[in-house]
There are 2 protein chains.
Amino acid sequence: MDALDRQIIAALRTNGRATYADLGRQVGLSASAVHERVGKLESSGVITGYHAVVDPRLVGLGVTALVGIHPSDTADDDEVAAALARLPEVESCYAVAGDEAFVVKVRVATVDDLERTLVRLRRIDGVARTNTTVVLSTRFEGRPNSPEEPAPRAE
Amino acid sequence: MDALDRQIIAALRTNGRATYADLGRQVGLSASAVHERVGKLESSGVITGYHAVVDPRLVGLGVTALVGIHPSDTADDDEVAAALARLPEVESCYAVAGDEAFVVKVRVATVDDLERTLVRLRRIDGVARTNTTVVLSTRFEGRPNSPEEPAPRAE
DNA sequence: GGTGAAAGGATAAAATG
DNA sequence: CATTTTATCCTTTCACC
């Protein structure tokens, strides 16, 4: 992991579909050198994947909420996390310090769906209570913060 | 936006580097048909970009926190959001309902850095108080939840 | 909308410095 | 480690349906 690797990672974070030839031009290496480096970054687990980013509103997921999950006394964290993972509406799940066991990010189409999802969350064994914060607007999300990045916008 | 588009989106969410030929095989179209559809999805703003996903711990960002931003009485939300965007440690920023104006996700290397970042956050004009929740572990993050997905893993 | 063909480019896997 | 090379595959455009 040298400066070149970090440059390549930064480039792939802003444009995950950049070709190896492009990356090579950006960092001053041949395409095959970049290819080999990226392969190593992937197999060493530094790069875990590549995702298209979609505007949630345009795919029918206009409602986002952050939900704190309060555990019951008998809760098994791993079981709760596994149950949370089974709900497709739960996009992210963080185990946290504090009264809550987890904070999850939920994306659904409507507030009705949100209500249904919250009912499902509260029915999970080990969940005592939920504390929901509705997201009014996403100002920015998932910015690459590691190295130098001029713009938060992608592609 | 038909079922084919949704399939293509799902495929690109799980593997943002899938080739058009790959996508074509997955959805039963020719590569050029997929190419045209993806182009339209991009220019219509449905697909906003492609990002490599990196293991934060392996790039020196082992500490994650969720920070609620309490506004002062005179706060201008847009100015606060702009100031938050200027801090590279702030990866995501959500305007929320409730006492807090924003919830942000912060990623830093150490708890020392977290403390420094919190000081900077509280110094922002319009920020009265912060409420920090330290993330102990990320169980999963950024899963594609839209359509059918067998595995949350990418690539 | 889709297909298929063809030129130009990119990838992947060698051998080499 | 990077480069160059090579065969193979992919991208991109275009004529056509």
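Residues numbered from 1 in each chain as written. Chains lettered and ligands numbered in written order. Predicted model: local features only at pLDDT ≥ 70, side-chain atom pairs only at ≥ 80, totals over all residues. Heavy atoms only, no water.

**Some thoughts on the overall build of chain A**
Of the regular secondary structure elements, chain A holds 5 helices and 5 strands. Tracing chain A from N to C terminus, the helices and strands come up as α-α-α-β-β-α-β-β-α-β. A globule of 155 residues ought to have a C-alpha radius of gyration of about 15 Å, yet chain A, at 20 Å, is considerably larger. Structurally, chain A occupies a C-alpha span of about 55 × 35 × 25 Å along its principal axes. Burial analysis of chain A (155 residues in total) assigns 45% to the buried set. The contacts of chain A with a sequence gap of at least 6 include a subset with a gap of at least 24, amounting to 65%. For chain A, the accessible area works out to roughly 7,600 Å², and carbon and sulfur atoms hold 49% of it. (Helix = DSSP H or I, 4+ residues; strand = E, 2+ residues; numbered from the N terminus. Rg over C-alpha atoms; globule rule 2.2 N^0.38 Å. Buried < 20%, exposed > 50% of the residue type's maximum accessible area, 1.4 Å probe, protein only. Contact = heavy atoms within 4.5 Å. Areas by Shrake-Rupley, 256 points an atom, 1.4 Å probe, with all protein chains shown as cover.)

**Quick notes on helix H3 (residues 31-43) of chain B**
All names here are of chain B. The end-to-end C-alpha separation of H3 is 18 Å, in line with the 18 Å expected for 13 residues at 1.5 Å each. Those residues of H3 lying buried are Val 34, Val 38 and Leu 41. Down the axis of H3, the smallest arc covering the buried residues is 60 degrees, so these residues share one side. Projecting away from the buried face of H3 at angles above 90 degrees are the exposed residues Ser 32, Lys 40 and Ser 43. Where H3 is buried, its residues contact helix H1 (3-14), helix H2 (20-27) and strand S1 (47-54). At the exit of H3 stands Gly 45, carrying a positive phi of roughly 85 degrees. (Expected span 1.5 Å × (residues − 1). Arc of directions from axis to C-beta.)

**Some details on the sheet that holds strand S3 (residues 90-96) of chain B**
Taking strand neighbours around the barrel as the criterion, the 8 strands line up as S2(A)-S4(A)-S3(A)-S5(B)-S2(B)-S4(B)-S3(B)-S5(A) in a closed arrangement whose pairing is antiparallel. Along the sheet, successive strands turn relative to each other by an average axial angle of 35 degrees, direction set aside. Two elements, strand S2 (residues 63-71) of chain B and strand S5 (residues 127-140) of chain B, share 8 bridges in a ladder whose sense is antiparallel. The partner of Val67(B) across the bridge, within S5(B), is Thr132(B). (Pairing = 2+ DSSP bridges. Axes fitted to C-alpha atoms, helices over the stretch in contact; angles between N-to-C directions.)

**Section: the pairing of S5(B)**
The pairing of strand S3 (residues 90-96) of chain A with S5(B) spans 4 bridges and is antiparallel. Bridged to Cys93(A) within S5(B) is Phe140(B).

**So, the relation of the copies chain A and chain B**
After a rotation of 180 degrees and a shift along the axis of 0.0 Å, chain A superposes on chain B with an RMSD of 0.1 Å. As the rotation angle and translation indicate, the two copies are arranged about a two-fold axis. In this assembly, 100% of the residues forming the interface of chain A have copies in chain B that are likewise at the interface, indicating an isologous arrangement. (Least-squares fit on C-alpha atoms with pLDDT ≥ 70 in both.)

**A look at the interface of chain A and chain B**
The interface is formed by 63 residues belonging to chain A together with 63 residues belonging to chain B. Summed over both partners, the interface of chain A with chain B buries about 5,700 Å², with 55% contributed by carbon and sulfur atoms. Counting the contacts that link chain A with chain B gives 2 salt bridges. Between Asp78(B) and Arg139(A) there is a salt bridge, and its shortest N-O distance comes to 3.0 Å. Inspection of the chain A/chain B interface yields 45 residue pairs in polar contact (both at pLDDT 80 or more). Of the residues in the side of chain A that touches chain B, the class split is 33 nonpolar, 16 polar and 14 charged. Looking at chain direction, strand S1 (residues 47-54) of chain A and S1(B) are connected through 7 bridges and run antiparallel. The residue of S1(B) that forms the bridge with Ile47(A) is Val54(B). (Buried area = accessible area lost by both parts, 1.4 Å probe. Salt bridge = Lys/Arg side-chain N within 4 Å of Asp/Glu carboxyl O. Polar contact = N/O pair within 3.5 Å; in protein donor to acceptor, adjacent residues only side chain to side chain. Nonpolar A, V, L, I, M, F, W, Y, C, P; charged D, E, K, R; others polar.)

**Points about the UniProt feature "domain: HTH asnC-type" (unreviewed entry) in chain A**
The UniProt record annotates "domain: HTH asnC-type" (unreviewed entry) at residues 1-62 of chain A. Across residues 1-62 of chain A, the secondary structure splits into 53% helix and 13% strand, with the terminal C-alpha atoms separated by 39 Å. (UniProt positions renumbered as here; feature names shortened; annotations may be inferred.)

**Looking at the protein's contact with DNA strand C**
Taken together, the neighbourhood of DNA strand C is formed by Thr19(A), Tyr20(A), Ala21(A), Arg25(A), Ser32(A), His35(A), Leu29(B), Ser30(B), Ser32(B), Ala33(B), Arg37(B) and Lys40(B). A breakdown of the atoms of DNA strand C within 4 Å of the protein gives sugar and phosphate a share of 73%. Interatomic distance of 2.7 Å between a side-chain N/O atom of His35(A) and a phosphate oxygen of DNA strand C. Within the contact set of DNA strand C, a phosphate oxygen lies 2.7 Å away from a side-chain nitrogen or oxygen of Ser30(B). Every element with two or more residues in the surface near DNA strand C is listed here: helix H2 (20-27) and helix H3 (31-43) of chain A together with H3 of chain B. By residue number, the principal contributor to the surface near DNA strand C is H3(B), which donates 4 residues. Tallied by class, residues from the surface near DNA strand C come to 4 nonpolar, 5 polar and 3 charged. (Near = heavy atom within 4 Å.)

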